[in-house]
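Chain by chain, the residues run as shown.
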Amino acid sequence: MFSLFKSKQQKFFSQAEQTKILDAIREAEQQTSGEVRLFIESKCRFVDPLDRAAEIFFQLKMNETVNRNAVLVYIATVHHQFAVFADEGIYNKAGQQFWNDAVKGMMSEFKKDHIAEGTAGMVLKIGQLLKTHFPYDASTDKNELPDDIVFGR
């Protein structure tokens, strides 16, 4: 699905690329009460990366947001797989077509070896969706989950 990867997960993205993605996460979350996280590991332990993304989503307790509006972007570098898993609050509001189109867009960027750009673009697209359905409210909003990239094995 996408080309050559570096051997260590922390080295998958350069420092500049990590900063670009973290900036995208922060930008996306500034406009919404929703939460976005990125999880990267070398191999997907399941046949279906969406199943693995769901497992990680619940391990990271992303389902505990007040509005059930968290989204996980999952990437398995060696197995060349990825998935996007959204909690029920945002998944139902967006509809299946949004998620299908978003994944197709990310896949298109990955095929061009634009991994960091595709990931940051996906995060921003998710942020716009979250902003539409869960806009930021300064009086009630708090950052419920860390704004970071989680590296697995």
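If you're wondering where the values come from, they're calculated on a predicted model, not measured in any experiment.

To continue, consider the packing of aromatic side chains. Throughout the structure, instances matching the rule amount to eight aromatic pairs. Residues Phe12 and Phe13 carry aromatic rings whose centres are separated by 4.5 Å and whose planes lie at 65° to one another, so their mutual orientation is edge-to-face. The pair formed by Phe12 and Phe13 is uniform in burial state, with each residue classed as buried. Judged by centre distance (6.3 Å) and plane angle (10°), the ring pair of Tyr91 and Trp99 falls under stacked. A relative accessible area of 6% places Trp99 in the buried class. Among the aromatic residues, those joined into a ring-pair cluster are Phe57, Phe58 and Phe85.

This next bit is on the confidence of the model for the protein chain. Averaged over every residue, the pLDDT of the protein chain is 89; the share at 70 or more is 93%. Here residues 1-9 is a poorly scored stretch, pLDDT under 50, and it has 27 contacts once near neighbours within four places are set aside; other chains count.

With that settled, the discussion passes to the pattern of salt bridges. Applying the stated criterion across every chain, the model contains eight salt bridges. Notably, a salt bridge pairs Arg37 with Asp148, separated by 2.7 Å at the nearest N-O pair. Of this pair, Arg37 sits in strand β1 (residues 35-41) while Asp148 sits in the loop between α5 (115-133) and β4 (149-151), placing them 111 residues apart in sequence. Arg37 sits in the buried class, given a relative accessible area of 6%.

Criteria and cut-off values
- Residues numbered from 1 in each chain as written.
- Predicted model: local features only at pLDDT ≥ 70, side-chain atom pairs only at ≥ 80, totals over all residues.
- Heavy atoms only, no water.
- Phe/Tyr/Trp six-rings, centres within 6.5 Å; stacked < 30°, edge-to-face > 60°.
- Buried < 20%, exposed > 50% of the residue type's maximum accessible area, 1.4 Å probe, protein only.
- pLDDT = per-residue confidence, 0-100.
- Contact = heavy atoms within 4.5 Å.
- Salt bridge = Lys/Arg side-chain N within 4 Å of Asp/Glu carboxyl O.
- Helix = DSSP H or I, 4+ residues; strand = E, 2+ residues; numbered from the N terminus.

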